Amino acid sequence: EGETQARLADLPGYGYAKVPQAQRAQWRQLVGDYLESRPTLAGVVVIMDARHPFMPLDRQLLQWLGDLRKLLVLSKADKLSRAEQAALHKDHREALLFSSSTKQGVEECRALLEGWIQQGAEIKSPR
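(A) The side chain of aspartate 58, seen in detail. Within the secondary structure layout, aspartate 58 lies in helix α2 (residues 56-65). Buried and unpaired, aspartate 58 has no salt bridge, with arginine 59 as the nearest side chain of opposite charge at 7.5 Å. What aspartate 58 contacts, discounting residues up to four positions off in sequence, is Met48, His52 and Pro53.

Structure, rendered in structure tokens:
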């Protein structure tokens, strides 16, 4: 059997970007057009800073994504105490605490994304 191929697209974040409102609106249009034109889209990974998660723009994005399959990654988890991490996880069980420094959440994220890719390949393969 051939290998499953996948592409990851890094789309512009606009939560903390210090750019004019018009630029943010242009990015929103770009992201919207991209997501709507991808019938083979397996899912969306939304990365938020664990120290400032679920800000109003994050919530707006999540609402806008609707029922699309998504992975919520709270990066920089290593910057939080264990108690802060536990409280964050309790309030947002659907989110994955992640740290590239300590490798926290790396394997879980990899496994989930590989599962998405494999499911996509199974859907598209002829039977």
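Here the narrative resumes, following the displayed structure.
(B) Geometry of the nonpolar core. In terms of nonpolar packing, the biggest core is built from 17 residues, with Val46, Met48, Phe54, Leu65, Leu72, Leu74 and Leu88 touching the most fellow members. The set of elements that each furnish at least two residues to this core consists of α1 (21-36), β1 (44-49), α2, β2 (70-75) and β3 (95-97). Filtering out sequence-adjacent residues up to four positions away, leucine 72 remains in contact with Val46, Met48, Phe54, Leu62, Glu94, Ala95 and Leu96.

(C) Fine view of the pattern of salt bridges. Under the counting rule described, the total for this entry stands at three salt bridges. For arginine 110, the salt bridge identified is with glutamate 107, shortest N-O distance 2.7 Å. Of this pair, arginine 110 and glutamate 107 both sit in helix α4 (residues 106-124), separated by three residues, roughly a single helical turn. A relative accessible area of 41% places arginine 110 in the partly exposed class. Within the structure, one salt-bridge network assembled from shared partners comprises Asp49, Arg51 and Lys76.

Conventions used here
Residues numbered from 1 in each chain as written. Predicted model: local features only at pLDDT ≥ 70, side-chain atom pairs only at ≥ 80, totals over all residues. Heavy atoms only, no water. Helix = DSSP H or I, 4+ residues; strand = E, 2+ residues; numbered from the N terminus. Buried < 20%, exposed > 50% of the residue type's maximum accessible area, 1.4 Å probe, protein only. Lys, Arg positive; Asp, Glu negative; His and termini not counted. Salt bridge = Lys/Arg side-chain N within 4 Å of Asp/Glu carboxyl O. Contact = heavy atoms within 4.5 Å. Core = buried A, V, L, I, M, F, W, Y, C linked by side-chain atoms within 4.5 Å.

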